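# Architecture at a glance
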Amino acid sequence: MRAAMILRSFLLAFLATLLFSGPLLAQGFAENAFEKIQRENAAGSLAVMGLAGIPDDSASAISLQSNTDNRDYDFKSAQLGGGFRLSEGVPIYLEGYIGYARYDPVLTFSGTGETTRLPLKWTSAAVTGGIGYQFDLGERWKFTPMAHISIGRTQSDASVATQVVANRLGIERDFVESGGLWAGGAGGSLTLDYKRPLSNDREFEMSLRYTHIEYWPIGDDEDLLVQSTAANAVLWTRYRFPTGRRMFGRPVRWVGDFSYSYLIGDQSLVLGTDWLARIGGGIEVDLSDTWVPWVTTTRIMVRYYGSDTVNGYTAGIGISF
């Protein structure tokens, strides 16, 4: 991803220089080079959309920063959503998420004693829905295959520079004119859940989930002919234990969780790592006997993310129905 962004920047600078230097440049070469810039920019934008659109069972706000010398970027995302089974007798499982991601890399060019920093920014928002069937495997295990669809909008600040080139060439492209593109996605997931109540109001949960969603431009942007894969495998665990206090007549519990994500798709190219580990803690309040409709529990969590190249934090509120 970093190499592609550097190549795109050099292509853009080279193309702009030739365009404004005179009529010596062949129109066909200019258009081909410009098409390459567009495709690479669109592919990077779709990869960021995958980070916003792929469902996260612990949906929350995330802030990550690179911790290596050769990559400099900030990444922020937020996601709200969840899933539920219609009833014990109807094993249809539904889930929905709305997500946002902001990826802000900075490329550094050095030479002749002078350093230039070139910021590139991608912003994406996506809505993802899923429907599946939950199989009960004994008393504590559940298996849920699901189908997903997703739609979103991705915006790239790099389009500001390419707009000048496009106008000079007389090329009309919606991706350049609007600064972004619409994309659709489709895929599926497999989830294996385990839940075990323990003595003294303690509880242990674990899940293993694999999700795969393919994204591509739709509508007026489909002629860009790019595609991005959002895929990950996540192992997640959670442990609850009592605080000794009560609220609304129900026990208040401490909550600790841990997860390990293996990034199989293009998210790894964006973040520069193929894995993320997360550990966190918080507090959970039982609202099942209150006036709040449908809500059974509410959690407030703080978590730390880390890998070999990034680190960051997240904060979120979880609601169970």
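Residues numbered from 1 in each chain as written. Predicted model: local features only at pLDDT ≥ 70, side-chain atom pairs only at ≥ 80, totals over all residues. Heavy atoms only, no water.

## Section: unusual backbone geometry
The backbone of Asn 200 sits at a positive phi, close to 60 degrees, despite the residue not being glycine. If you trace the backbone, Asn 200 turns up in the loop between β8 (180-197) and β9 (203-217). (Helix = DSSP H or I, 4+ residues; strand = E, 2+ residues; numbered from the N terminus.)

## A short note on the pattern of salt bridges
In this structure the tally under the stated criterion is 13 salt bridges. One salt bridge in this structure joins Arg 250 and Asp 286, with 3.1 Å as the shortest N-O distance. Linking Arg 250 in strand β11 (residues 250-263) with Asp 286 in strand β12 (residues 275-286), this pair joins segments that are 36 residues apart in sequence. Look at Arg 250 and you get partly exposed, because its relative accessible area is 29%. With a closest N to O distance of 3.0 Å, Asp 257 and Arg 303 form a salt bridge. In this pair, Asp 257 is assigned in strand β11 and Arg 303 in strand β13 (residues 297-306), connecting sequence segments 46 residues apart. No difference in accessibility class separates Asp 257 from Arg 303, as the two residues are buried. Taken together, the shared-partner salt bridges in this structure form one network comprising Lys 195, Asp 201, Glu 203, Glu 205, Arg 240, Arg 253, Glu 284 and Arg 299. (Salt bridge = Lys/Arg side-chain N within 4 Å of Asp/Glu carboxyl O. Buried < 20%, exposed > 50% of the residue type's maximum accessible area, 1.4 Å probe, protein only.)

## Digging into the confidence of the model for the protein
Here the protein averages 76 in pLDDT, and 68% of its residues register 70 or above. The secondary structure element of the protein with the lowest average pLDDT is helix α1 (residues 2-21), at 43, and the one with the highest is strand β6 (residues 135-137), at 95. The model gives residues 1-31 a pLDDT under 50, and that stretch makes 56 contacts with residues more than four places away or in other chains. The low-confidence segment residues 107-112, where pLDDT is below 50, has 19 contacts with residues more than four positions distant or belonging to other chains. (pLDDT = per-residue confidence, 0-100. Contact = heavy atoms within 4.5 Å.)

## A word on empty space enclosed by the protein
Gaps left between atoms show up when a probe the size of a water molecule is rolled over them. The full count for this structure, using the stated rule, is 3 cavities of 30 Å³ or more. Put simply, the largest cavity is a space of about 470 Å³. In this structure, the largest cavity is lined by 30 residues; those nearest its centre are Ile 54, Asp 56, Ile 62, Asn 232 and Tyr 305. If you tally residues by element for the lining of the largest cavity, the top one is strand β2 (residues 73-85), at 4 residues. When its residues are assigned to classes, the lining of the largest cavity shows 15 nonpolar, 11 polar and 4 charged. (1 Å grid on protein atoms, 1.4 Å probe; cavity = no way out; pocket = protein on both sides within 12 Å on 5 of 7 lines; lining within 4 Å. Points joined across faces, edges and corners; volume = space filled by probe spheres on them. Nonpolar A, V, L, I, M, F, W, Y, C, P; charged D, E, K, R; others polar.)

## Focus: the nonpolar core
Val 270 and Leu 271 are the most contacted members of the largest nonpolar core, which has 25 residues in total. For this core, the secondary structure elements donating two or more residues are α2 (27-53), β3 (92-111), β5 (122-133), β8, β9 and α5 (267-271). No other element matches the 6 residues that α2 contributes to this core. (Core = buried A, V, L, I, M, F, W, Y, C linked by side-chain atoms within 4.5 Å.)

## Comments concerning the packing of aromatic side chains
With the rule as written, the count across this model stands at 5 aromatic pairs. Seen in terms of ring centroids, Trp 141 and Tyr 194 are 4.6 Å apart; in terms of plane orientation they differ by 45 degrees. Their pairing is tilted. Within this pair, whereas Trp 141 is found in strand β7 (residues 141-156), its partner Tyr 194 is found in strand β8, the two being separated by 53 residues in sequence. The class of Trp 141 is partly exposed, set by a relative accessible area of 32%. Since its relative accessible area comes to 16%, Tyr 194 is described here as buried. (Phe/Tyr/Trp six-rings, centres within 6.5 Å; stacked < 30°, edge-to-face > 60°.)

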